Amino acid sequence: MSVKNDQPDMNRRKFVGATVAAAGAVVVAPGVLLHTVAGADPESQGASAKHRWGMLIDANKCAEGCSACVDACNSEHGLTSHGRPETDAQWIRTVKLKDLNTGHINRLVMMCQHCEHPPCVDVCPTGASFKRADGIVLVDRHTCIGCRYCMMACPYKARSFVHEDLKDQSVNAPRGKGCVEGCTMCVHRIDRGETMTACQEACHKDGHGAIVFGDLKDPDSEISQALKSQNSRQIRADLKLNTGVRYSNL
Amino acid sequence: MSKMYYRELYCGTPVRYWAGMALLGTIVAVALGAAFYMEHNGHWVTGMTNQVVWGLPHVFAIYLIVAASGALNVASIGSVFGGPMYKPLGRFSSLLAIGLLAGGLVVLLLDLGRPDRLIIAMTYYNFKSIFAWNIILYSGFFAIVGIYLWTMMDRKANRYYRTLGFAAFFWRLALTTGTGSIFGFLVAREAYDAAIMAPMFIIMSFSYGLAFFIITLIAAYIWGNRELGDLRLARLKNLLGVFVGAVLYFALAYHLTNLYVTQHHGIESFILLNGGVYTAMFWIGQILIGGIIPLFLIYSPAFDKARWAVVAASVMVLIGGFFQIYVIVIGGQAFPMSIFPGKEVLESSFYDGTVNAYAPSLPEMLLGIGGIAIAMTMVAVGARMFKVFPESLEDPGESA
């Protein structure tokens, strides 16, 4: 039986609708499934604002001539020297200081201070410099265009630019020629649930214990207890960046 | 005043035009080769380091971008401030502005660590970053000045001429404010972090842009065998004098402010007294070559009618301007950052507390010069394709 009027054929419409719905489900379902599976993995839970990771560095304990933390950082992240100190990447460095008035001599390590208000994040045009919810300041190597404005803005000279081709990279820290990088506070370890950074581990192993790493938001953590019981300071505290890295006996 | 006719730029012989283009093309090709060399090897082959992160390419790029917005001033005077002597120059002023900006941006882009990620720079914006704003300001400048040029050339669009003139004028002020703020917003380094950077860059743009304009105008009229009157040139010359004086004034205000603040005495004595090459560039380059001598050439009655004096003054303004930007960009980075106030750095593997060395490499220089060549190529092609230059710029009344 055929109806001769301009009524649309509802059967055809239903068929098209059902086909589109089925095709849509087939396309979307695997993604949803993968997303659910991936979400179950602790490493992809994402950073939580319940933590703020920080460090306390005791300038009195930083031993003369020791470079254990620097070496550990280099091997952890695959930072290799090319014999060109001006352009070689340095995520952590030792600095020896003398007070101009009193003559008192100190030694300490400098790295990204993981500011609460990081100038590098403010100036980054693409948002590649970013701060995680847990306070760790990182560079997204997929969106860094290598403009180096963050290096101009950082008051701590904490960042390095990759000046050459890279070989034998470490799985812990994928790097990229032409991108800017810096201390990640061993974010790969934190995301695995570990409680020590490479530099802290090395310093501890050598018996100096100058570096304490931990959660500033956990009142019972070693670092919170230490910060509560002794005087500490932020470098360039005048800039009010509220750094995650603090120094004692400086 | 007789009616103004505009005509495409044709030189006496085709060889004359194409030889000029070939020369510019060669410089551009060499620059692209230099950029490829630097990108292929990585930045270690340049003079730039982790301490001096912005080098000669940035000096060229900022210089050209600043000059670009200033080159538009002649058009703005014609349309916004109603200067009849300047109005016929408006088309060329806009074309030059577009060319200079393009040249500067090419240099800036090709010096990025990842120039292939231009699309990311255009699609990912962090609106707190003045750099991100600048990307919008630069793109908008091309669009607005392009339409502005169109309203000048197409009679049908001419009714929007004044509106576009205002828009372009405000946009160029915003653009140079953005460029100056790149430095003005940097708290980390003592040479920067000053609000005066934005207005100082605007006044610098007036000066360099006009100097570029005068030189390219004279060059184009020689190239195309056209008449250029002394009266119009005298106007431009006097205006340049005002701008050069203003640049000197801003330099004075900037340094006096810094000198008042004890905390900044270190950077001030570095630039003004004991910074070696930077001190020399400041006093000899910026102040003497870029300021005092041009002022003398412009205002001395001895050179009243001398066209070479106008050319010489403009060239010196450009040389001095280059040194001024060099001192700001490189000098500001060479001076050690005050990470540990009150302490002397005895040892550091990362050059803390020491004056950072920077020696520009040849590829950087070639890339930068290529930026100027790109600007000039665009102007030459644009002037050939569009009716930009008045057929004659002889003084009013001469032809009657």
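Quantities reported herein were computed from a predicted structural model and do not represent experimental measurements. (Residues numbered from 1 in each chain as written. Chains lettered and ligands numbered in written order. Predicted model: local features only at pLDDT ≥ 70, side-chain atom pairs only at ≥ 80, totals over all residues.)

Section: the overall build of chain A
In terms of helices and strands, chain A carries seven helices and ten strands. For 250 residues, the compact-globule estimate of 2.2 N^0.38 gives 18 Å, and chain A exceeds it by more than 25% at 25 Å. Over its C-alpha atoms, taken along the principal directions, chain A stretches across nearly 105 × 45 × 35 Å. Put simply, chain A has 250 residues, and 42% of those count as buried. In chain A, 62% of the contacts between residues at least 6 apart in sequence involve partners at least 24 apart. (Helix = DSSP H or I, 4+ residues; strand = E, 2+ residues; numbered from the N terminus. Rg over C-alpha atoms; globule rule 2.2 N^0.38 Å. Buried ≥ 20, exposed ≤ 12 C-beta atoms within 10 Å, placed from the backbone. Contact = placed C-beta atoms within 7 Å.)

Focus on the sheet that holds strand β9 (residues 232-233) of chain A
All names here are of chain A. An order of β8-β1-β10-β9 is seen for the four strands of this open sheet, with the pairing classed as mixed. One side of each edge strand has no neighbouring strand; the edge strands of this open sheet are β8 (211-215) and β9. Pairing analysis gives four bridges linking strand β1 (residues 53-58) to strand β10 (residues 245-248), with the strands arranged parallel. When the bridges of β10 are listed, Leu56 appears paired with Arg246. (Pairing = 2+ DSSP bridges.)

As for the nonpolar core
With 192 residues, the main nonpolar core has Cys69 of chain A together with Val59, Tyr63, Leu64, Leu100, Leu101 and Leu240 of chain B as its most contacted residues. Among the elements that make up this core, the one with the highest residue count is helix α8 (residues 197-223) of chain B (16 residues). Not counting residues up to four positions away in its chain, the partners in contact with Cys69 of chain A are Ile92, Val109, Cys199, Ala202, Cys203 and Ile211 of chain A. (Core = buried A, V, L, I, M, F, W, Y, C linked by C-beta atoms within 7 Å.)

With respect to the interface of chain B and chain A
Each side of the interface is counted separately: chain B has 37 residues, and chain A has 45 residues. For the side of chain B that touches chain A, the secondary structure elements donating two or more residues are α5 (118-123), α6 (130-153) and β2 (343-348) of chain B. Of the residues forming the side of chain B that touches chain A, the biggest block, six residues, is contributed by β2 of chain B. Partitioned by chemical class, the residues of the side of chain B that touches chain A number 19 nonpolar, eleven polar and seven charged. Looking at chain direction, strand β2 (residues 92-99) of chain A and β2 of chain B are connected through five bridges and run antiparallel. Paired with Lys96 of chain A across the strands is Glu347 of chain B, a residue of β2 of chain B. (Nonpolar A, V, L, I, M, F, W, Y, C, P; charged D, E, K, R; others polar.)

Notes on the domain arrangement of chain A
Each domain of chain A was delimited in the assignment, giving domain 1 (10-40) and domain 2 (53-248). Once you take the C-alpha centre of each, domain 1 of chain A and domain 2 of chain A turn out to be 46 Å apart. (Domains from an automatic or database assignment.)

A word on the sheet that holds strand β3 (residues 105-111) of chain A
Strand order in the open sheet formed by three strands is β3(A)-β2(A)-β2(B), and the pairing between neighbours is antiparallel. Since the sheet does not close on itself, it has two edges, and those belong to β3 of chain A together with β2 of chain B, each with one partner. Averaged over all pairs of adjacent strands, the angle between their axes in this sheet comes to 35 degrees, without regard to strand direction. Packed on one face of the sheet, helix α2 (residues 68-77) of chain A meets β2 and β3 of chain A and runs near 155 degrees to β2 of chain A. (Axes fitted to C-alpha atoms, helices over the stretch in contact; angles between N-to-C directions.)

Focus on unusual backbone geometry
Unlike most non-glycine residues, Arg236 of chain A shows phi in positive territory, near 50 degrees. Structurally, Arg236 of chain A is set in the loop between β9 and β10.

Observations regarding helix α2 (residues 56-71) of chain B
Under the 1.5 Å per step criterion, the end-to-end length of α2 of chain B is 22 Å for 16 residues, consistent within 8% with the ideal 22 Å. A large share of α2 of chain B lies buried, amounting to 16 of its 16 residues. (Expected span 1.5 Å × (residues − 1).)

Describing the confidence of the model for chain B
Confidence in the prediction of chain B, expressed as mean pLDDT, is 94, and 98% of residues score 70 or more. The ipTM for the predicted assembly is 0.92, set against a pTM of 0.91. (pLDDT = per-residue confidence, 0-100.)

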